Each structure stands twice: as structure tokens, then as C-alpha cells.
Amino acid sequence: MSKTVLVSGGAGFIGSHVTVELSQAGYDVIIADNMSNCDETNYKGVCAILGKQLPFIKMDFCDSAATEKLFSENKIDAVIHFAAFKAVGESVAEPLMYYKNNLVSFLNILQASREHGTNVLFSSSATVYGEPDETPVTEQSPRKPATSPYGNTKQMCEDFLRDCVAAYGMHGIALRYFNPIGAHPSALIGELPRGVPNNLVPFITQTAIGKRECLYIFGNDYPTPDGTCLRDYIDIVDLAKAHVCAVSRMIEGRMEEPYEIFNIGTGRPVSVLELVNAFEKVNGLKLNYRFAPRREGDVTAVWADPSLAERKLGWKATRTVEQTLAAAWAWEKHLAGK
Ligand code: WQD
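Computed from a prediction, not measured in an experiment: that's the story for all the values here.

Draft legend 1. Expanded view of the packing of aromatic side chains. On inspection of all chains with the given rule, the structure shows six aromatic pairs. When the centroid spacing of 5.1 Å and the interplanar angle of 45 degrees are considered together, the rings of tyrosine 43 and phenylalanine 56 count as tilted. Of this pair, tyrosine 43 sits in helix α2 (residues 41–50) while phenylalanine 56 sits in strand β3 (residues 56–58), and the two are 13 residues apart along the sequence. For tyrosine 43, a relative accessible area of 13% translates into the label buried. What makes phenylalanine 56 partly exposed here is its relative accessible area of 29%. It is arginine 114 that lies over the ring of tyrosine 168; its NZ or CZ is 3.7 Å from the centre.

Draft legend 2. Fine view of the side chain of serine 124. With respect to the helices and strands, serine 124 occurs in strand β5 (residues 119–125). Here serine 124 falls in the buried class, since its relative accessible area comes to 1%. Filtering out sequence-adjacent residues up to four positions away, serine 124 remains in contact with Lys154, Glu158, Ala174, Leu175, Arg176 and Tyr177.

Draft legend 3. Layout of the packing of helix α7 (residues 200–209) against helix α11 (residues 321–335). The N-to-C vectors of α7 and α11 enclose an angle of 55 degrees; their axes lie 10 Å apart at closest approach. Looking at the two axes, α7 sits oblique to α11. Considering the relative orientation of α7 and α11, their crossing is right-handed. Contact residues: Val201, Pro202, Thr205, Gln206, Ala208 and Ile209 in α7; Leu325, Ala328, Trp329, Glu332 and Lys333 in α11.

Calculation criteria
- Residues numbered from 1 in each chain as written.
- Predicted model: local features only at pLDDT ≥ 70, side-chain atom pairs only at ≥ 80, totals over all residues.
- Heavy atoms only, no water.
- Phe/Tyr/Trp six-rings, centres within 6.5 Å; stacked < 30°, edge-to-face > 60°.
- Helix = DSSP H or I, 4+ residues; strand = E, 2+ residues; numbered from the N terminus.
- Buried < 20%, exposed > 50% of the residue type's maximum accessible area, 1.4 Å probe, protein only.
- Lys NZ or Arg CZ within 6 Å of the ring centre and 35° of its normal.
- Contact = heavy atoms within 4.5 Å.
- Axes fitted to C-alpha atoms, helices over the stretch in contact; angles between N-to-C directions.
- Parallel < 35°, antiparallel > 145°, perpendicular 65-115°, else oblique.
- Left-handed = near helix turned anticlockwise from the far one by under 90°.

The structure is reproduced here in C-alpha cells:
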């Protein structure tokens, strides 16, 4: 009998790609989203890629009664929680909004998962490592004090999951994503930032298409080979496949510990300038960019040691940064109707 996975925030950037991979792997998927930070584009894209309508529930996981109702009306084998705010700067300006939304929704999911014996996968972030003392970071590397309420919610939710697993006999996995970028090769789903993008790749593609005049590279005086920051950019489809591995590990009872953490990255550091150059080269265009002062709160360099995920989940990033940047550009052109 097929197993059912609930994807909270399933209409968003990561949630939509995960939904596609889960469905293609044979899982029944229920998408739930309050659409507070997206429109129907990705949901429609998911259905077009899969050639079928997936169940969609418009709801807010901050509503505990609605959350409990969803879990009692469906036999949910695992839940993947993406429904959260994610803009670092906004979280500094609006901490209460971030704490209320990101923490309450996850507490409700944990409560319902406890009642119904549901496995929980939490979408965490490399942001929990802060400015690491050593790179690459392993899952054992220390978590640093969060530098924003957003980062703090990621750390706190990891702790909520760890403590609930320990107390209630639940099973949970936290995946720590590095920098997810790109889009589905169909160009039917992708990242849809509202307003001015905070993240690098949407800013690059919007500059290339003419929506933004110029890309500002924040800092070229970092102690790195070319002076720009180093990150681990992970293809969104590769990242989505890691969720299928983690969900099946939980559902099939293959976990070695009831709470496990995995880094999801490539293990390859790429500088901002390298990424910009790769984008220009693979897509055959010139980008208008300029160096600007450092952005407050940015760490110099962080990349993953992804070997634990390879050993335990049987997962490994497969796509090159060039393939990923070509997909990101195809998606931007699709959005522009080109
Ligand atoms: C990458 C690099 C910038 C924009 C953040 C969150 C993290 C995660 C992903 C999200 C940095 C530089 C960027 C621009 C630039 N979670 N940059 N010009 O900061 O590594 O991680 O997003 O939901 O938790 O902190 O990603 O894409 O913003 O920046 O030069 O216009 O690109 O300085 O070096 P970041 P990013």
C-alpha cells in the first residue's frame, strides 16, 4: 500500500520540487499551504509535471484545530515541514512575526505527529552553523548563536524536534540545506521571490532578464581566493531527492537513531564571482554587475561535508553548477513568457 506524505508549504520553492520527487517515487502527497508567500504558479506547475491533480489544502499550521483535523482525517505516514517565513532581514525587523509563525506552526505539527504516530522531517538550514571555525562543516560542527530571528527559529525547531523525539518515542530527521538554487528542468516550477530578491541567484536571473538594472556583489575584500564569499550551492532537484531518501528511511524503519541530522550540500565551495561567471558562460550572456560593500550578517565561507548523507541516506548531489544555472535561467525566461 502506498504511503502518504504531508508537505506543509508545498506550494513554495522547495516544497513544490519535493512534492514532484515524492510523487514520482510513488508516494501519495498532500500539499498544504496558506499561500501567504506564493501564488498558484508552482502548484499548477507540479500538477502539469505529474499530469495529475494533487490534493491541495489551503490552511495555516498556526491553527492547531485545523492541523489536528488534517491529521485525524488522513492517514499521514510522514510530514515534511516547509511552511515558514524565510527572509533574514525581515526577521530582524519583525521578530514576533517570525517567532509566532515559524515556531507555532511547527509546535502544532509536532503535537499532531505525536498523537498520530507520524514521522517528522524538518527543513533546517546551514544558517545554524553561523561563521564556522572550520570548513567544510560536518553535522558535529558546533551550532553558533543565531544572528537573526530567522536563524534562531531554525535552531529552536531543531531542538523542539530533538526533545519531542526523546520524550515521546517519535522519529524525526532534520536536513540542513546549504544554498538551494535552480529550478526544475521542465521550467514549470521554480523560485518566485516577491519584490526585490534577497538571494543571489534570483537577483542574477532578474538582472539578466532586465527586471533589475544591476547585480551588486556584496564585498570583494573577504579573505577568500577572489575576495568574494564562498557558499555551497545545491541544485533544487538534487535537494528534493534527499527528502525522498530521508522519508523512506523513516517510513521503512531504517533509522539508526530516532533523531538524525544530515547536511544537504555538494561539498564544493563556489564564490559569488565564480557563480556569476558560470552563469554568464553557460547561458552565453553578460551580466551587469558591480562590487558593493559587504552585506551585514554575511559569513565569509561555509560549505558542507555531505559524506554522512551519502553513507546513510544513499544520497549525493549529481548536478553541476552549470546545469543548475541553466535551469534557473530557463525558469526566469519561462516566467517572462520568453
Ligand atoms: C549568497 C551570497 C551574498 C545577493 C541565505 C540564508 C540561509 C538560506 C539561504 C533561506 C552571499 C551574495 C547575494 C546579492 C550578493 N535560507 N549576494 N548580491 O546569505 O548564503 O543564505 O539564504 O531561506 O539561511 O541566510 O544566501 O543567496 O542571500 O547570498 O553578492 O544581491 O551571495 O553576500 O555571499 P545566504 P544568499
